[in-house]
Amino acid sequence: MKQSKRITITDIAKMAGVSKSTASLVLNGRSKEFRVSDETRDRILALAQQQRYQPSIHARSLRSSRSHTVGLVVPEMTNYGFAVISRELETLCREVGLQLLIACTDENPSQEMMAVNSLIQRQVDGLIVASSMLTDVEYRKINQQLPVVQFDRIIGDSPLPLVVTESIESTATLVEKVARQHGDEFYFIGGQARISPTRDRLAGFQLGLERAGIECRPDWIIHGNYHYSAGYEMFAQLCARLGRPPKALFTAACGLLEGVLRYLSQHNLMNSDLRLCSFDDHYLFDCLPLKIDTVAQDSEGLARSSFEMITTLIEERTLAQDKLYLPTYIHWRHPDSRA
């Protein structure tokens with residue numbers, strides 16, 4: 001089957017009996033400025049609609065020296081928080097005529113740079129990154145050519161603009177309250193110790209125990225990665241070591257909590273006395289028999305602030321603030337927490 005030819009602005013001009021430049025002025029909304037008659041304008045617009053004419057994004061890019069695309073780099077799309085943020089960012093970009101290109105890194109620094117280079121080759125106008133890198137050297141080089149905004153994670157003490165969630169104080173507040181009731185045995189399951197969300201949430205966990213007058217035992221801290229399978233394995237090993245579920249547990253992210261819940265469900269422990277709390281929230285937690293207290297992030301706020309920051313930089317305007325720490329709220333579900 002022969003493929004239909006794409007309708008161009010030249011085709012529209014021929015059909016309307018006008019020059020290409022006149023058709024271009026009308027289709028770019030400049031007919032009044034250059035005094036194109038209403039009759040000619042209406043004829044061109046009617047033909048464009050009838051022929052389903054779409055302007056070429058490549059031609060638009062050549063005229064403006066911009067691709068009108070933004071790159072988003074995330075560790076994985078199965079993570080609930082990153083999925084919500086990606087969806088919100090895509091909506092925000094679409095509303096202003098931008099295309100969002102998403103790359104996943106699987107928490108692998110080498111794969112991350114391959115993904116970033118691929119986005120740069122596609123000439124994105126800016127990058128929003130949740131990085132797994134230990135250093136920002138490569139991103140600072142990239143930032144000399146196009147703007148880079150960090151979100152969710154901080155690469156060391158990088159000076160690059162960032163949008164992250166405040167997590168130390170909110171985690172400490174939650175943990176302190178739970179620890180005053182279950183402080184004799186309180187475990188922490190987290191992701192990679194090298195990345196900033198793990199470090200901050202662990203710092204909050206330890207601060208909460210300290211405020212409750214409890215010394216954090218080294219064997220209470222367990223690290224893995226943020227995939228749900230790691231949460232499952234770490235919790236399974238902990239239960240095997242104790243011969244039972246722990247009395248209290250804090251998971252550093254929703255994915256880890258998912259793994260814990262899978263284990264509890266498979267072993268008919270959803271009605272156990274385990275006091276469970278976590279960083280990250282999910283609406284389905286309201287439906288579980290096990291009442292889980294959580295620190296909820298403002299995922300929409302993270303997306304919106306990252307979008308505003310990257311578009312400001314792309315337009316070469318000055319940022320009002322280049323480091324944003326967004327507040328959280330604690331969703332208390334356990335009856336003892338609300339007492």
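This structure is a prediction, so every number in the text was calculated from the model and none was measured.

Parameters at a glance
- Residues numbered from 1 in each chain as written.
- Predicted model: local features only at pLDDT ≥ 70, side-chain atom pairs only at ≥ 80, totals over all residues.
- Heavy atoms only, no water.
- Core = buried A, V, L, I, M, F, W, Y, C linked by side-chain atoms within 4.5 Å.
- Buried < 20%, exposed > 50% of the residue type's maximum accessible area, 1.4 Å probe, protein only.
- Helix = DSSP H or I, 4+ residues; strand = E, 2+ residues; numbered from the N terminus.
- Contact = heavy atoms within 4.5 Å.
- Domains from an automatic or database assignment.
- Pairing = 2+ DSSP bridges.
- Axes fitted to C-alpha atoms, helices over the stretch in contact; angles between N-to-C directions.
- Expected span 1.5 Å × (residues − 1).
- Phe/Tyr/Trp six-rings, centres within 6.5 Å; stacked < 30°, edge-to-face > 60°.
- Lys NZ or Arg CZ within 6 Å of the ring centre and 35° of its normal.

### Some thoughts on the nonpolar core
By size, the foremost hydrophobic cluster in this structure holds 46 residues, and its most contacted members are F186, F235, F250, L261, L264 and L276. For this core, the elements supplying multiple residues, two or more each, are α8 (168-182), β6 (186-190), α9 (196-211), α10 (228-242), β8 (248-251), α11 (254-266) and β9 (275-279). Sequence-distant contacts of F250, defined by excluding residues within four places in its chain, comprise T171, L174, V175, F186, Y187, F188, I189, F205, C277, S278 and F279.

### Structural notes on the environment of I310
Along the chain, I310 falls in helix α12 (residues 299-314). Not counting chain neighbours up to four residues away, the residues in contact with I310 comprise V70, G126, L127, I128, P147 and V149.

### Brief notes about the domain arrangement of the protein chain
Domains assigned within the protein chain are domain 1 (9-55), domain 2 (69-165 + 299-326) and domain 3 (167-298 + 330-337). Each of domain 1 and domain 3 has a C-alpha centre, and these two points are 62 Å apart.

### Overview of the sheet that holds strand β10 (residues 293-296)
Pairing between sheet strands relies on hydrogen bonds along the backbone, with the strands arranged either parallel or antiparallel. Ordered in space as β7-β6-β8-β9-β10-β12, the 6 strands form an open sheet in which the pairing is mixed. Among the strands making up the open sheet, the edge pair consists of β7 (221-223) and β12 (329-331). Put simply, the sheet's adjacent strands are angled 15° from each other on average, direction ignored. Here β10 runs beside β12; their pairing, made up of 3 bridges, is antiparallel. Paired with T294 across the two strands is H331, which belongs to β12.

### Regarding α12
Spanning 16 residues, α12 covers 22 Å between terminal C-alpha atoms, matching the ideal 22 Å at 1.5 Å per step. In terms of burial, α12 is largely enclosed, as 12 of its 16 residues are buried. Every buried residue of α12 is accounted for by S299, G301, L302, A303, S305, S306, F307, M309, I310, T311, T312 and I314. Backbone geometry just downstream of α12 places E316 in the positive-phi region, at approximately 60°.

### Some remarks on the sheet that holds strand β4 (residues 148-151)
Pairing within the open sheet is parallel, and its 6 strands lie in the order β2-β1-β3-β4-β5-β11. Only two strands of the sheet have a single neighbouring strand rather than two, namely β2 (99-104) and β11 (323-326). Mean inter-strand twist for the sheet, computed between neighbouring axes without regard to direction, equals 15°. Judged from the 4 bridges that link them, strand β1 (residues 69-74) and strand β3 (residues 126-129) form a sheet pairing that is parallel.

### Some words on the packing of aromatic side chains
Summed over the entire model, instances satisfying the criterion amount to 8 aromatic pairs. Consider the rings of F82 and F151, whose centres lie 6.1 Å apart with planes at 80°: the pair is edge-to-face. Of this pair, F82 sits in helix α5 (residues 80-95) while F151 sits in strand β4, and the two are 69 residues apart along the sequence. On the accessibility criterion, F151 (0% relative accessible area) is buried. Between Y187 and W220, the aromatic rings sit 6.4 Å apart at their centres with planes inclined by 55°, giving tilted as the arrangement. Of this pair, Y187 sits in strand β6 while W220 is found in the loop between α9 and β7, placing the two residues 33 residues apart along the sequence. According to the relative accessible area criterion, Y187 is buried, its value standing at 2%. Here a set of aromatic residues connected by ring pairs shows up, and it is made of F186, F188, F205 and F250. For K177, the ring lying beneath its charged end belongs to W332, and the centroid distance is 5.0 Å.

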